[in-house]
Amino acid sequence: MTAIKTVHARRVWDSRGKPTVEAEVVLESGALGRAITPAGASTGSGEARELRDGGKPLRGLDVSQAVRNVIGPIAAALRGMDIADQASLDRAMIELDGTADKGKLGGNAIVAVSLACLHAAAADAGVPLWKHLAAGRRVALPVPEIQIYGGGAHARARVDLQDFMVVCPGAGSFAEALEMTAEVYYAAGARLAKKGALQGVADEGGYWPTFKSNEEALSELVRSIEDAGFRPGKDVAIALDVAATQLYQGGRYSLALENRSLSAEQLALMLERWVDAYPIVSIEDPFAETDTEAMRAFTKRVGHRIQVVGDDYFVTDAKRIAAAAAVGACNTVLIKPNQIGTVTEAYAAVEAARKAGYGAIVSARSGETEDVSIVHLAIGWGVPQLKVGSFSRSERMVKWNEGVRIEEELGSSAQVFAAGRLFRRGA
Ligand code: 2PG
Ligand code: MG
């Protein structure tokens, strides 16, 4: 056994310039693990609670109490414990916190320590984190889901839908998927600039467009795929994150850009029409986190043709996944460690998805850093897809580049890249 010697934390800054928690775990062997907590903008109400200081400085967003909670009570509880026993480490923090939403110590304090422990265990074993998690199993690179236009809470709702993304069913490798996406990203930027509709980039590095309707984003994305020399749907397909919890007001879905509000049924019909008309292979959070009936009905209608992904709807909670599976709501789960707060619980969500026969996507948050843990989690846990935002800004590129390195290291020992199998659409 290797025991934990010290647990330390400090305030660092995320990609929106907001304070966040970095944790560092040092072992008796001298091995070190470090991790930084990310932050969402379109958050589910069931997420582990971020502890922020409130008050005037830094608009209330400082994390000094969360940092003190790591340096004080969390460090005292974990000191001397076995780094190889992640479940016990996480359980110790959950019990020390004692609340349902981790709000006493802060989900942002706990998840940084949980991930830092995992990194320390891998460092102690002298292997990269993905390898430590894979424990001898053959692994594959995840299929990237990459944003081209950003909207919703990441671009002041300039378009109502949050993420217009691409996946590359025509790619034979992770590296090739990135190369194809780069071509589409450049082509999309060039089209927007020509139209005078390019306002900059949104929080996750996708273009911040001034489209007249949400559907215009879809038709422009199809043209961008063609401009880049690819066949829409065959080589490169579209994935959406509606992030519909953000649009939900008084039981209806508000599309502010188009000045209209839709019932769940009308929204379902619109999305279904889009699935017919555009090469869409995945839709995330098509309805609000509380709208199980709409999720269930929509999955029944289109779930055999496309991925229906739950993000705010599941908040990486194994119990919610099992409950949704029992009624047939969604068929794929987004996995974000900071939504649930510990590595052990995030992995339980991966297992719950597997048990339900659901797909899974490990995902970054809109507020990110240079931390690359999620790339290793996706590979080591055998999760077949990875969502990291767009193809610009280094807090995104650092993760894509980490995947490039791991794919190179794996060489021919990697399992087959699954993009074609996952996303080749008959229609
Ligand atoms: C999402 C994420 C990432 P946020 O909704 O899937 O795109 O956004 O981190 O703001 O919740
Ligand atoms: Mg989402």
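A. Representation of the coordination of the magnesium ion (ligand 2). Donor atoms from the polypeptide that coordinate the magnesium ion (ligand 2) comprise Asp241 (OD), Glu284 (OE) and Asp311 (OD), at 2.0 to 2.2 Å from the metal. The sequence pattern formed by the donor residues of the magnesium ion (ligand 2) is D-x42-E-x26-D. Of this pair, Asp241 sits in strand S8 (residues 237–241) while Asp311 sits in the loop between strand S13 (307–310) and helix H9 (318–327); the two residues are 70 residues apart in sequence, bridging distant segments of the chain. Take Asp311: its relative accessible area is 2%, and that puts it in the buried class.

B. View of the site of ligand 1. If you check the shell around ligand 1, you find 16 residues, and the closest are Ala41, His154, Arg365, Ser366 and Lys387. One of the side-chain N or O atoms of Arg365 is found 2.8 Å from an oxygen atom in ligand 1. Residue Ser366 places a side-chain N or O atom 2.6 Å away from an oxygen atom belonging to ligand 1. Contact with the protein chains removes 99% of the 310 Å² of surface that ligand 1 exposes when unbound.

C. Spatial organisation of the pattern of salt bridges. The final tally for this structure, using the stated rule, is 31 salt bridges. Here Arg11 and Asp62 are joined by a salt bridge, their closest N and O atoms 3.0 Å apart. Of this pair, Arg11 sits in strand S1 (residues 4–13) while Asp62 sits in the loop between strand S3 (32–36) and helix H1 (64–78), and the two are 51 residues apart along the sequence. Judged by its relative accessible area of 39%, Arg11 falls in the partly exposed class. Owing to a relative accessible area of 13%, Asp62 belongs among the buried residues under this scheme. Of the charged contacts, one joins Glu24 and Arg34 as a salt bridge, the two residues approaching to 2.8 Å between their closest N and O atoms. One end of the pair, Glu24, is in strand S2 (residues 19–27); the other, Arg34, is in strand S3, and 10 residues separate them in sequence.

D. Structural view of the layout of surface pockets. Approximately 370 Å³ is the volume attributed to the largest pocket. What lines the largest pocket is a set of 24 residues, among which Ala140, Gly382, Val383, Pro384 and Gln415 lie closest to the centre. Broken down by secondary-structure element, the contributors of at least two residues to the lining of the largest pocket are helix H11 (343–356), strand S15 (359–363) and helix H12 (373–381). If one sorts the elements of the lining of the largest pocket by residue count, H12 sits on top with 4 residues.

E. Fine view of the domain arrangement of the protein chain. For the protein chain, the assigned domains are domain 1 (4–126) and domain 2 (143–422). Each of domain 1 and domain 2 was reduced to a C-alpha centroid, and the two centroids are 27 Å apart. Opposite the 30 residues of domain 1 that make contact, domain 2 presents 30 residues. Buried surface at the junction of domain 1 and domain 2, both sides included, amounts to about 2400 Å², of which 52% is carbon and sulfur.

F. Quick look at unusual backbone geometry. Backbone geometry places Arg59, a non-glycine residue, at a positive phi of 50 degrees. Its location among the elements puts Arg59 in the loop between S3 and H1. When its relative accessible area of 77% is taken as the criterion, Arg59 is described as exposed. Phi angles above zero are rare outside glycine, and Arg156 is one such case at about 45 degrees. By the secondary structure assignment, Arg156 is in the loop between strand S4 (143–150) and strand S5 (163–167). A relative accessible area of 75% means that Arg156 is categorised as exposed.

G. Just the packing of aromatic side chains, in detail. Counting across every chain of the model gives 9 aromatic pairs. Here the aromatic rings of Phe174 and Trp400 are separated by 6.3 Å at their centres, their planes lie at 50 degrees, and the arrangement is tilted. Taken together, the residues span a long stretch of sequence, with Phe174 in helix H5 (residues 174–195) and Trp400 in helix H13 (residues 394–410) at a distance of 226 residues. Overall, Phe174 belongs to the buried group, its relative accessible area being 0%. Between Tyr253 and Phe287, the ring centres sit 5.9 Å apart and the planes meet at 75 degrees, which makes this aromatic pair edge-to-face. Taken together, the residues span a long stretch of sequence, with Tyr253 in strand S10 (residues 252–255) and Phe287 in the loop between strand S12 (280–284) and helix H8 (292–302) at a distance of 34 residues. Each member of the pair, Tyr253 as well as Phe287, is classed as buried. A network of ring pairs unites the aromatic residues Tyr248, Tyr253, Phe287 and Phe298 as a single cluster.

H. Looking closely at the pairing of S1. Pairing geometry for S1 and S2, over 9 bridges, is antiparallel. Bridge pairing in S2 links Ile4 to Leu27. The hairpin formed by S1 and S2 contains 5 residues between the paired strands, and Gly17 there has a positive phi angle of roughly 75 degrees.

I. Molecular detail of the pairing of S3. The pairing of S2 with S3 spans 5 bridges and is classified as antiparallel. Its bridge partner lying in S3, Ala23 is registered against Ala35.

J. Here's a closer look at H8. By the burial criterion, the buried members of H8 are Ala294, Met295, Phe298, Thr299 and Val302. Each buried residue of H8 sits inside an arc of 130 degrees when the element is viewed along its axis, so together they form one side. Check the buried side of H8 and you find it contacts helix H7 (264–277), S12 and S13.

Calculation notes
- Residues numbered from 1 in each chain as written.
- Chains lettered and ligands numbered in written order.
- Predicted model: local features only at pLDDT ≥ 70, side-chain atom pairs only at ≥ 80, totals over all residues.
- Heavy atoms only, no water.
- Donors = N, O, S within 2.8 Å, 3.2 Å for Na, K, Ca; no water.
- Helix = DSSP H or I, 4+ residues; strand = E, 2+ residues; numbered from the N terminus.
- Buried < 20%, exposed > 50% of the residue type's maximum accessible area, 1.4 Å probe, protein only.
- Near = heavy atom within 4 Å.
- Polar contact = N/O pair within 3.5 Å; in protein donor to acceptor, adjacent residues only side chain to side chain.
- Areas by Shrake-Rupley, 256 points an atom, 1.4 Å probe, with all protein chains shown as cover.
- Salt bridge = Lys/Arg side-chain N within 4 Å of Asp/Glu carboxyl O.
- 1 Å grid on protein atoms, 1.4 Å probe; cavity = no way out; pocket = protein on both sides within 12 Å on 5 of 7 lines; lining within 4 Å.
- Points joined across faces, edges and corners; volume = space filled by probe spheres on them.
- Domains from an automatic or database assignment.
- Contact = heavy atoms within 4.5 Å.
- Buried area = accessible area lost by both parts, 1.4 Å probe.
- Phe/Tyr/Trp six-rings, centres within 6.5 Å; stacked < 30°, edge-to-face > 60°.
- Pairing = 2+ DSSP bridges.
- Arc of directions from axis to C-beta.

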